[in-house]
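# Survey of secondary and tertiary structure
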Amino acid sequence: MNNVLSGMRPTGKLHLGHLHGVLENWIELQHKYNCYYFAADWHALTSDYKDTSNIKNNIYDMIADWISVGIDPEKVAIFIQSHIKEHAELHLLISMITPLGWLERNPTYKEVKEELSEKDINSYGFLGYPVLQTVDIILYKAKYVPIGIDQLPHLELSREIARRFNFLYNREVFIEPQPLFTKVTKLSGIDGRKMSKSYGNSIYISDYGKTLSDKVLNLITDTNRVRRKDPGDPDKCMAFEFHKLYLSEEEILMIKRECPTAGIGCFDCKKILLNRIVEKLSPIHHKREELLSKKDYLNDIIADGDKRAKAKASETLKECLEVMNLNY
Ligand code: TRP
Ligand code: SF4
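Since the structure is predicted, the reported quantities are computational estimates derived from the model, not experimental observations. (Residues numbered from 1 in each chain as written. Chains lettered and ligands numbered in written order. Predicted model: local features only at pLDDT ≥ 70, side-chain atom pairs only at ≥ 80, totals over all residues. Heavy atoms only, no water.)

A separate point is helix α9 (residues 152-168). With 17 residues, α9 extends 24 Å between its outermost C-alpha atoms, agreeing within 8% with the 24 Å of an ideal straight helix rising 1.5 Å per residue. Turning to α9, its buried residues number three or more, namely His 154, Leu 155, Leu 157, Ser 158, Ile 161, Ala 162, Phe 165 and Asn 166. Residue Asn 170 follows α9 closely and has a positive phi angle near 60 degrees. (Helix = DSSP H or I, 4+ residues; strand = E, 2+ residues; numbered from the N terminus. Expected span 1.5 Å × (residues − 1). Buried < 20%, exposed > 50% of the residue type's maximum accessible area, 1.4 Å probe, protein only.)

Attention now moves to the domain arrangement of the protein. By the assigned domains, the protein splits into domain 1 (3-187 + 295-323) and domain 2 (207-288). Here the C-alpha centroids of domain 1 and domain 2 sit 35 Å apart. Taken together, the contact pairs 14 residues of domain 1 with nine residues of domain 2. Both sides of the domain 1 and domain 2 interface together cover about 1000 Å² of buried area, and 61% of this is carbon and sulfur. Among the residues of domain 1 in contact with domain 2, Leu 16, Ser 68 and Leu 187 are the three that bury the most area, contributing 42% of the side total. Our count for the domain 1 to domain 2 interface comes out at three salt bridges. Measuring nitrogen to oxygen at the nearest pair gives 2.9 Å for the salt bridge that ties Arg 288 to Asp 61. Scanning the region where domain 1 abuts domain 2 turns up four residue pairs in polar contact (both at pLDDT 80 or more). Mapped onto the side of domain 1 that touches domain 2, the elements with two or more residues apiece are α1 (16-29) and α3 (55-69). Take the side of domain 1 that touches domain 2: its biggest share by element is six residues, from α3. (Domains from an automatic or database assignment. Contact = heavy atoms within 4.5 Å. Buried area = accessible area lost by both parts, 1.4 Å probe. Salt bridge = Lys/Arg side-chain N within 4 Å of Asp/Glu carboxyl O. Polar contact = N/O pair within 3.5 Å; in protein donor to acceptor, adjacent residues only side chain to side chain.)

Okay, the packing of aromatic side chains next. Summed over all chains, the structure comprises eight aromatic pairs. Both rings, one in Trp 26 and one in Tyr 37, keep their centres 4.2 Å apart while their planes meet at 20 degrees; by these two values the pair is stacked. Linking Trp 26 in helix α1 with Tyr 37 in strand β2 (residues 34-39), this pair joins segments that are eleven residues apart in sequence. Judged by its relative accessible area of 1%, Trp 26 is buried. Their ring planes at 70 degrees and their centres at 5.1 Å tell us that Trp 26 and Trp 66 sit as a pair that is edge-to-face. Of the two residues, Trp 26 is situated in helix α1 and Trp 66 in helix α3; the sequence distance between them amounts to 40 residues. (Phe/Tyr/Trp six-rings, centres within 6.5 Å; stacked < 30°, edge-to-face > 60°.)

Turning to a negative patch on the surface, a few remarks are in order. Residues Glu 111, Glu 114, Glu 115 and Asp 150 make up a contiguous surface patch of negative charge. Mapping Glu 115 onto the fold places it in helix α6 (residues 107-115). (Patch = residues over 30% accessible without salt bridge, like charges linked within 9 Å, V, L, I, M, F, W, Y side chains within 5 Å. Areas by Shrake-Rupley, 256 points an atom, 1.4 Å probe, with all protein chains shown as cover. Lys, Arg positive; Asp, Glu negative; His and termini not counted. Charge placed at Lys NZ, Arg CZ, Asp CG, Glu CD.)

The next point concerns the site of ligand 1. Around ligand 1, 14 residues are found, and the nearest of them are Arg 9, His 43, Tyr 129, Gln 133 and Asp 136. In the model, a nitrogen atom of ligand 1 is placed 2.7 Å from a nitrogen or oxygen of the Tyr 129 side chain. Note that a nitrogen atom of ligand 1 is positioned 2.7 Å from one of the side-chain N or O atoms of Asp 136. Look at ligand 1: alone it shows 370 Å² of surface, and the protein chains cover 90% of it. Elements with a minimum of two residues in the shell around ligand 1: β1 (3-8) and α8 (129-138). The class makeup of the residues in the shell around ligand 1 is seven nonpolar, five polar and two charged. (Near = heavy atom within 4 Å. Nonpolar A, V, L, I, M, F, W, Y, C, P; charged D, E, K, R; others polar.)

Secondary-structure assignment places Asp 207 in the loop between β5 (178-181) and α10 (209-217). Here Lys 215 takes part through its side chain, which lies 2.6 Å from a polar atom of the side chain of Asp 207. The contacts of Asp 207, once residues within four sequence positions are left out, are Ser 202, Leu 212, Lys 215, Leu 281 and His 285.

Overall, the coordinates contain 20 salt bridges when judged by the stated rule. Ionic pairing is found between Arg 276 and Glu 279, a salt bridge with its closest N-O pair at 3.1 Å. Taken as a pair, Arg 276 and Glu 279 lie in helix α13 (residues 266-293) at a separation of three residues, close to a single helical turn. In this structure Glu 279 comes out as exposed when scored by relative accessible area, which is 52%.

Structural data, given as structure tokens:
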């Protein structure tokens, strides 16, 4: 069975954009491939090296989210990057064979550097972000990497690096990984911009009660619909992006019919949505609470994932050292 690997930086609780854009895809893949999913805590340091106080909690929050939405720790090796020291050793070796020009050319590097210009990320580690990411992938001989389209330049670099290693040492040690694109689910945040933690506009998987209902009931609707009797257009309504994900087909048809004739008001329409979201999230919250209240259980899951990851990683590293004549 082919290997699939993906990771996320532990930035804390995940939102509905993560759930529908990434995690549902991860859940599907776990049935078809031998999957490794990990917390990229070293990658988190590239931008947040100064304040490291949240990393540990963020890892637990994130992994609890993964499992509570349906990532199955029996099927998937769930692990923490920094627990597998092979990532560090292979990163050093791979850094020796990676031309500097390949990294400086990387469009993501240039963009993020401009975006985060208020932070000082002009570091060696930040430039090497895609080298470490490459190592994460090739260490597990992952054939497929589920990523968003924005990560494509990184993956292309990983392919080039894998190819270069195999060429230099004249052995097919590494597989060139291929992207598996996540189906794009456009989800706006509560302010209408793309849902993103950094915009503070997210509905979190773990939101419940008044926090959740306030967010859902305040979602931006068709802005032409000012009064109750004004007709609306679901295609111009940001809340309707959520309706399409959470409501039954009949309910969606009903809204498509009743919104343009002002047969239904926005409040009632979003109330239906809220009910459906609560129905979907309640069992997830249950599971999440249970996991976070039994830290030992969560630690056991991680220890088991670490063990499986370590077995594969050390095998690959050994092979590398051999072909590089460094096995002494
Ligand atoms: N760069 C990814 C992110 O920002 C995290 C990541 C690190 C990753 N290593 C990876 C993703 C390897 C896929 C494969 O979330
Ligand atoms: Fe959106 Fe529903 Fe209001 Fe129509 S009735 S604008 S679909 S919230």
